[in-house]
Amino acid sequence: MKKSMWRTVVAVSMAAAVIGTAGAATTATLAVGFTTPKMQSFDYSADAAIVGKNLSVTTRFAHVSVSMSDDSELHVRADGSYRGDTPTVDISDDGSKIAVECSYRKRGSCDLGLELQVPAGLMLDIDGAAADVVLTDVDAQTSVSTSAGSVIARGPAGTLDITTRFGDIDITDAAVSAVEVDTTFGQVALDSRVPPDSVLVQNMQGDSMIELTAAEFYDVEATSEKGDVDIDVIDDPSS
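Residues numbered from 1 in each chain as written. Predicted model: local features only at pLDDT ≥ 70, side-chain atom pairs only at ≥ 80, totals over all residues. Heavy atoms only, no water.

Draft legend 1. Region of interest: the pattern of salt bridges. The tally for this structure, following the rule as stated, stands at four salt bridges. The closest approach of N and O atoms between D43 and R77, which form a salt bridge, is 3.6 Å. Taken together, the residues span a long stretch of sequence, with D43 in strand β1 (residues 39-49) and R77 in strand β4 (residues 73-83) at a distance of 34 residues. Judged by its relative accessible area of 56%, D43 falls in the exposed class. Residue E101 pairs with R60 through a salt bridge whose shortest N-O separation is 3.0 Å. Residue E101 is found in strand β6 (residues 97-101), and its partner R60 is found in the loop between β2 (54-59) and β3 (63-68); the two are separated by 41 residues along the sequence. Residue class for R60 comes out partly exposed when judged on its relative accessible area of 42%. (Salt bridge = Lys/Arg side-chain N within 4 Å of Asp/Glu carboxyl O. Helix = DSSP H or I, 4+ residues; strand = E, 2+ residues; numbered from the N terminus. Buried < 20%, exposed > 50% of the residue type's maximum accessible area, 1.4 Å probe, protein only.)

Dropping the structure here:
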């Protein structure tokens, strides 16, 4: 009789312990749920005149796409979703600087796309820390730098200077006079429809493919520490 009672007491005590633990877990889950901000949508647009020929764009997380404007003005649009602090888009009074901020503080998140339409002939500088950048038919002296973002340029003209650390670089149908590419971990592809005056590609760890127009003479210097090098264009050091 005593043994039976002891087993019952043990069973009840263990059940209480399990219920108590489960209750604590439920409380913790509810607390996280109540403190996490809800997802909200973001939509912004503006038009601005650019004084001068310089345009600087900085962002940490917004994905950037750039195309040409139908007029002489700068057209800016940003949209997407965010959680927590409201994103900001700041355009300087002279239209030469655009800064886009979105926060990941206090369980926040941010998924924004920044669309720019720019007039031709600019000196365009884009600094995106963790943002992908897409250029479409952009005619400018363009400089792009990212830490962890890819860069895609379709039909670019003018000049291109691209620096990334972690990200692929894909340049197609190019008509640029000069290209400089520097990446640490990423693939590089360059397809040019006109003979550029100069091409400089530096890649620490990744494949590089450069395609140039045929029936042209090129002065080519290509080396690799841990990979093969294939040169199929006509190499002429005097060209």
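Draft legend 2. The state of the cysteines, seen in detail. Evaluation of the coordinates by the stated rule reveals one disulfide. The disulfide partner of C102 is C110, and the gap between their sulfur atoms is 2.4 Å. Torsion about the S-S bond of the C102 and C110 cystine: about -100 degrees, corresponding to left-handed handedness. On the basis of relative accessibility, which here comes to 4%, the residue C102 falls in the buried class. For C110, a relative accessible area of 6% gives the class buried. (Disulfide = S-S within 2.5 Å.)

Draft legend 3. Structural context of the packing of aromatic side chains. This structure, assessed with the given rule, holds two aromatic pairs. Both rings, one in F42 and one in Y82, keep their centres 6.4 Å apart while their planes meet at 85 degrees; by these two values the pair is edge-to-face. With a gap of 40 residues between them, F42 in strand β1 and Y82 in strand β4 connect regions that are remote in the sequence. With respect to burial, F42 and Y82 carry one shared label: buried. Summarising the aromatic geometry, the rings of F166 and F185 are spaced 5.0 Å apart at their centres and angled 5 degrees between planes, so their arrangement reads as stacked. (Phe/Tyr/Trp six-rings, centres within 6.5 Å; stacked < 30°, edge-to-face > 60°.)

Draft legend 4. Examining the pairing of β3 more closely. Pairing of β3 with strand β7 (residues 109-118), which is carried by six bridges, proceeds in the parallel orientation. Within β7, the residue paired with M68 across the bridge is V118. Inspection of the sheet shows β3 paired to strand β9 (residues 133-136) by three bridges, in the parallel sense. Each residue of the ladder has a partner; that of S65, found in β9, is V134. (Pairing = 2+ DSSP bridges.)

Draft legend 5. Inspection of the side chain of T146 at higher detail. Structurally, the position occupied by T146 is in strand β10 (residues 139-146). A distance of 2.8 Å separates a polar side-chain atom of T146 from the backbone oxygen of G149. Ignoring anything within four residues of it in the chain, the contact list for T146 reads G128, A129, A131, V133, V151, T163, T164 and R165. (Polar contact = N/O pair within 3.5 Å; in protein donor to acceptor, adjacent residues only side chain to side chain. Contact = heavy atoms within 4.5 Å.)

Draft legend 6. Seen up close, a negative patch on the surface. Residues D47, D70, D71 and E73 make up a contiguous surface patch of negative charge. Within the secondary structure layout, D47 lies in strand β1. (Patch = residues over 30% accessible without salt bridge, like charges linked within 9 Å, V, L, I, M, F, W, Y side chains within 5 Å. Areas by Shrake-Rupley, 256 points an atom, 1.4 Å probe, with all protein chains shown as cover. Lys, Arg positive; Asp, Glu negative; His and termini not counted. Charge placed at Lys NZ, Arg CZ, Asp CG, Glu CD.)

Draft legend 7. Expanded view of the side chain of S69. Positionally, S69 belongs in the loop between β3 and β4. Looking at S69, its side chain comes within polar contact range of the main-chain oxygen of E73, at 3.1 Å.

Draft legend 8. Region of the structure containing the environment of D111. Its location among the elements puts D111 in strand β7. Classification of D111 as partly exposed rests on a relative accessible area of 48%. It is 8.1 Å that separates the C-alpha atoms of D111 and H63, two residues lying 48 residues apart in sequence. If we ignore the near neighbours within four places in the chain, the residues touching D111 are H63, D79, G80 and S81.

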